[in-house]
Each structure stands twice: as C-alpha cells, then as structure tokens.
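Examining the three-dimensional arrangement
What follows is each chain in one-letter form.
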Amino acid sequence: ILTDKRDHVVGVRVERKGQEAEDVFGVVVLASGGFCASREKLEKYSWEVSSLPTTNGGWATGDGLTLVENAVKGVRLRDLEHVQVHPTSFVKVEPDGSVRTESVFLAPEALRGCGALLLTTDSHPKRFADA
C-alpha cells in the first residue's frame, strides 16, 4: 500500500511476473470480501447487528481490513456499518432458549416461496411476515 506525504492511500505495490511495480491511482478501493464471521470486527464496525447470527462462512474474517489497518497509520475506513442482515436463516436454538450466533445456514427464498411461514421464536410463536 502506497501513501502520500499526508498518509493518504494513493496506490499499491504489486508483483508482476516476478518484478515489483508501484501503481499510483490517487484513490484506492479495497474489495477484499466480508468480515461478518468476525465478532470482533462486527462489534467494532457494526455493533448494532453484532449479536445476530451470520450466514457468512467462517472465511469472512476481514483479513483485507486487518491488512490495511496494520499497513497504514491513521487509515479511515468508510461505510463498514452497512452489512446485510438476512431475515431467513436456519438457527440452532439451545434448550435454554438462547440462539447460537456462529455461522448459520441461509434459508433460500424458495422456502418462503413455497409457503413457509415466518414465526417469532418466543413461547407463543406468531406469524410476523407474509410470504
């Protein structure tokens, strides 16, 4: 990662065919995958949903974010509070009523399209959405 005199990220250092090169763009957008399998990063960037189960695979740990945070002093990351929350997933409810928050299976839209009902998880389940 290349920075200018004000520590703004302006480019990247890459390796092409065994040769190192520097590409300066002025603005760099990092698209490195998700981070929602990392409770630590969810609590840091999107605390409002950090207690919800995730449908992300265990690989979505925000390694690209960590790379930039460690490589660039004072880096400002933007819009990380905007994460997708999917309302239909299969979750495991424990005998004590708690819901496990590790990665869960995403229920496809086909379930609702075939007439599945969406119910609350309290002691008297109620329908809360029409399919």
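Residues numbered from 1 in each chain as written. Predicted model: local features only at pLDDT ≥ 70, side-chain atom pairs only at ≥ 80, totals over all residues. Heavy atoms only, no water.

**Some details on the overall build of the chain**
When helices and strands are tallied, the chain shows three helices and seven strands. In the chain, the succession of helices and strands from N to C terminus is β-β-β-α-α-β-β-α-β-β. Oriented by its inertia axes, the alpha-carbon framework of the chain measures out at about 60 × 30 × 25 Å. Looking at the chain as a whole, 21% of its 131 residues are labelled buried. Within the chain, contacts between residues at least 6 apart in sequence are counted, and of these 36% link residues at least 24 apart. Split by element, the accessible area of the chain, about 9900 Å² in all, is 53% carbon and sulfur. (Helix = DSSP H or I, 4+ residues; strand = E, 2+ residues; numbered from the N terminus. Buried < 20%, exposed > 50% of the residue type's maximum accessible area, 1.4 Å probe, protein only. Contact = heavy atoms within 4.5 Å. Areas by Shrake-Rupley, 256 points an atom, 1.4 Å probe, with all protein chains shown as cover.)

**Comments concerning the sheet that holds strand β1 (residues 2-3)**
Within the open sheet, the three strands sit side by side as β1-β2-β3. Their pairing is antiparallel. Pairing within the sheet leaves two strands with one partner each, and these edge strands are β1 and β3 (19-24). Here strand β2 (residues 9-16) runs beside β3; their pairing, made up of six bridges, is antiparallel. The partner of valine 14 across the bridge, within β3, is alanine 21. (Pairing = 2+ DSSP bridges.)

**Thoughts on a nonpolar patch on the surface**
Among the surface-exposed residues, Phe90, Phe105 and Leu111 lie close enough to one another that they form a single nonpolar patch of about 310 Å² accessible area. Mapping phenylalanine 105 onto the fold places it in strand β5 (residues 105-106). What makes phenylalanine 105 exposed here is its relative accessible area of 55%. (Patch = residues over 30% accessible without salt bridge, like charges linked within 9 Å, V, L, I, M, F, W, Y side chains within 5 Å. Salt bridge = Lys/Arg side-chain N within 4 Å of Asp/Glu carboxyl O.)

**A word on helix α2 (residues 63-71)**
Taken together, the buried positions of α2 are Gly64, Leu65 and Val68. Viewed along the axis of α2, the buried residues span an arc of 100 degrees, placing them on a single side of the element. In α2, the exposed positions angled more than 90 degrees off the buried face are occupied by Asp63, Leu67 and Asn70. In this structure, the buried residues of α2 make contact with α1 (39-45). (Arc of directions from axis to C-beta.)

**Focus on the nonpolar core**
Nonpolar side chains tend toward joint burial in soluble globular proteins. Judged by nonpolar contacts, Phe35, Cys36, Leu42, Tyr45, Val49, Leu65, Leu80 and Val83 together constitute the single largest core of eight residues. In contact with valine 49, other than residues within four places in its own chain, are Arg39, Leu42, Val83 and Val85. (Core = buried A, V, L, I, M, F, W, Y, C linked by side-chain atoms within 4.5 Å.)

**Digging into the packing of aromatic side chains**
One pass over the full model with this rule turns up one aromatic pair. Ring geometry for phenylalanine 35 versus tyrosine 45: centroids 5.8 Å apart, planes at 75 degrees, classification edge-to-face. Pair noted here: phenylalanine 35 is in the loop between β3 and α1 and tyrosine 45 is in helix α1, with a separation of ten residues, a long-range link. Each member of the pair, phenylalanine 35 as well as tyrosine 45, is classed as buried. (Phe/Tyr/Trp six-rings, centres within 6.5 Å; stacked < 30°, edge-to-face > 60°.)

**Points about the confidence of the model for the chain**
Averaged over the chain, the pLDDT score is 82; the fraction of residues at 70 or greater is 93%. Confidence, expressed as mean pLDDT per element, reaches its minimum in the chain at helix α3 (residues 109-113) with 67 and its maximum at α1 with 92. (pLDDT = per-residue confidence, 0-100.)

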